[in-house]
Protein chains: 2
Amino acid sequence: MSNDTEHMKARLREYVEAFNANDAARVTALFADNATVEDPVGTPVRRGRAEIDAFFGHATTVGARLELVAPPRGSHANAATITFKVHIAGPDGTAHIDVTDVMEFDAYGKIVSMRAYWGADDYHRAGAA
Amino acid sequence: MSNDTEHMKARLREYVEAFNANDAARVTALFADNATVEDPVGTPVRRGRAEIDAFFGHATTVGARLELVAPPRGSHANAATITFKVHIAGPDGTAHIDVTDVMEFDAYGKIVSMRAYWGADDYHRAGAA
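Computed from a prediction, not measured in an experiment: that's the story for all the values here. (Residues numbered from 1 in each chain as written. Chains lettered and ligands numbered in written order. Predicted model: local features only at pLDDT ≥ 70, side-chain atom pairs only at ≥ 80, totals over all residues. Heavy atoms only, no water.)

Colleague: Whenever I open this one, the interface of chain B and chain A confuses me. Can you help?
Modeller: For an interface, size is often stated in terms of accessible area lost upon the parts coming together. Taken together, the 33 residues of chain B in the interface contact 33 residues of chain A. Taken as a group, Arg73(B), His76(B) and Tyr117(B) account for 30% of the area that chain B buries against chain A, more than any other trio of residues on that side. Here chain B and chain A share 6 salt bridges between them. Where chain B touches chain A, the interface holds 21 residue pairs in polar contact (both at pLDDT 80 or more). For the side of chain B that touches chain A, the secondary-structure elements that each account for two or more residues are α1 (5-20), β4 (79-90), β5 (93-105) and β6 (111-117) of chain B. Grouping the constituent residues of the side of chain B that touches chain A by class yields 14 nonpolar, 10 polar and 9 charged. (Contact = heavy atoms within 4.5 Å. Buried area = accessible area lost by both parts, 1.4 Å probe. Salt bridge = Lys/Arg side-chain N within 4 Å of Asp/Glu carboxyl O. Polar contact = N/O pair within 3.5 Å; in protein donor to acceptor, adjacent residues only side chain to side chain. Helix = DSSP H or I, 4+ residues; strand = E, 2+ residues; numbered from the N terminus. Nonpolar A, V, L, I, M, F, W, Y, C, P; charged D, E, K, R; others polar.)

Shown next, in the form of structure tokens:
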């Protein structure tokens, strides 16, 4: 199977590694052409290859680094999650954002849906809680 | 607002505390009467007061203990997440399950949807990875 938990978790680890390598092409290769990205949840959804390429093309140029804080979780369906910190250089020093991503996969093992859970109060300046 | 991130995160911490106190009534009081619980994701959904009371009535009697492994995450919508280990006494000693819950809240601040992401390979016997 191309959407079993072992595959999904490997893809999520590849997502983190590719993102941290600032390799937008490697990141977007994980997504299906018709995928949706809602980041953060509650903001407009990006749909399809062009919008996703643009989103990650930008996101991988801002010096952000993802740090997993727990192993990926699977499910009994086509979904898996990662929970991580995004380390960024903010306007007033380093900061991090606490995030959980829920990813759904298609039958070909590509990500068809990414939903990133984080709110304004998940942004923490260095030294803050 | 009764479904802002501060409220949602406080409710999720109360969920963990009430669960660990084996207090089913305190847990189920967090849920709306028409709530749904999908635990784990990919298995049949429990709907409504009677099914949710039955589910947590059982879950709080098996000696499970929830340990948050990261702060709750909010969103820009009515959803928040917790990522935790469930420590249990398994048939061959202690074990834990790696889980992420996505909870959605109604306008009254009650949980209307809980989706628990964990798969068979998120069950770990003590001493295993």
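This is not the end of the story, as more comes after the structure.
Colleague: Any chance you could explain the environment of Ala59(B) here in plain terms?
Modeller: Residues and elements named next belong to chain B. Note on placement: Ala59 falls in helix α3 (residues 48-59). For Ala59, a relative accessible area of 14% corresponds to the buried category. Sequence spacing of Ala59 and Ala89 is 30 residues, and the spatial spacing of their C-alpha atoms is 13 Å. (Buried < 20%, exposed > 50% of the residue type's maximum accessible area, 1.4 Å probe, protein only.)

Colleague: Even after reading the chapter, I still don't get the pairing of β6(B), so can you show me in this structure?
Modeller: Residue and element names in this part refer to chain B. Extensive coverage of β6 is indicated by the burial of 5 of its 7 residues. Pairing between strand β1 (residues 31-38) and β6: 4 bridges, direction parallel. Bridge pairing in β6 places Glu38 opposite Arg115. Of the strand pairs in this sheet, β5 and β6 are connected by 6 bridges, and their pairing is antiparallel. Each residue of the ladder has a partner; that of Val102, found in β6, is Arg115. (Pairing = 2+ DSSP bridges.)

Colleague: Explanation requested: unusual backbone geometry in the structure shown.
Modeller: With an omega dihedral of -5°, the bond running from Asp39(A) to Pro40(A) counts as a cis peptide bond. Looking at where Pro40(A) falls in the secondary structure, it is placed in the loop between β1 (31-38) and β2 (46-47). Positive phi is not limited to glycine here, since Asn22(B) has a value of about 55°.

Colleague: Sorry, what's going on with the side chain of Thr83(A) here?
Modeller: By the element assignment, Thr83(A) lies in strand β4 (residues 79-90). At 2.9 Å, the side chain of Thr83(A) and the side chain of Thr100(A) are in polar contact. If we skip the residues at most four places from it in the chain, Thr83(A) touches Glu67(A), Leu68(A), Val69(A), Ala70(A), Val99(A), Thr100(A), Ala70(B), Arg73(B), Thr83(B) and Thr100(B).

Colleague: Any chance you could explain the relation of the copies chain B and chain A here in plain terms?
Modeller: Comparison of the two chain copies shows a relationship of rotation about an axis with a shift along it. Least-squares fitting of chain B to chain A yields an RMSD of 0.0 Å, with the superposition described by an axial translation of 0.0 Å and a rotation of 180°. Put plainly, the chains are arranged around a two-fold axis. Of the interface residues in chain B, 100% have counterparts in chain A that sit at the interface too, so the contact is made through matching surfaces. (Least-squares fit on C-alpha atoms with pLDDT ≥ 70 in both.)

Everything listed here is a matter of geometry and, on its own, says nothing about what the molecule does.
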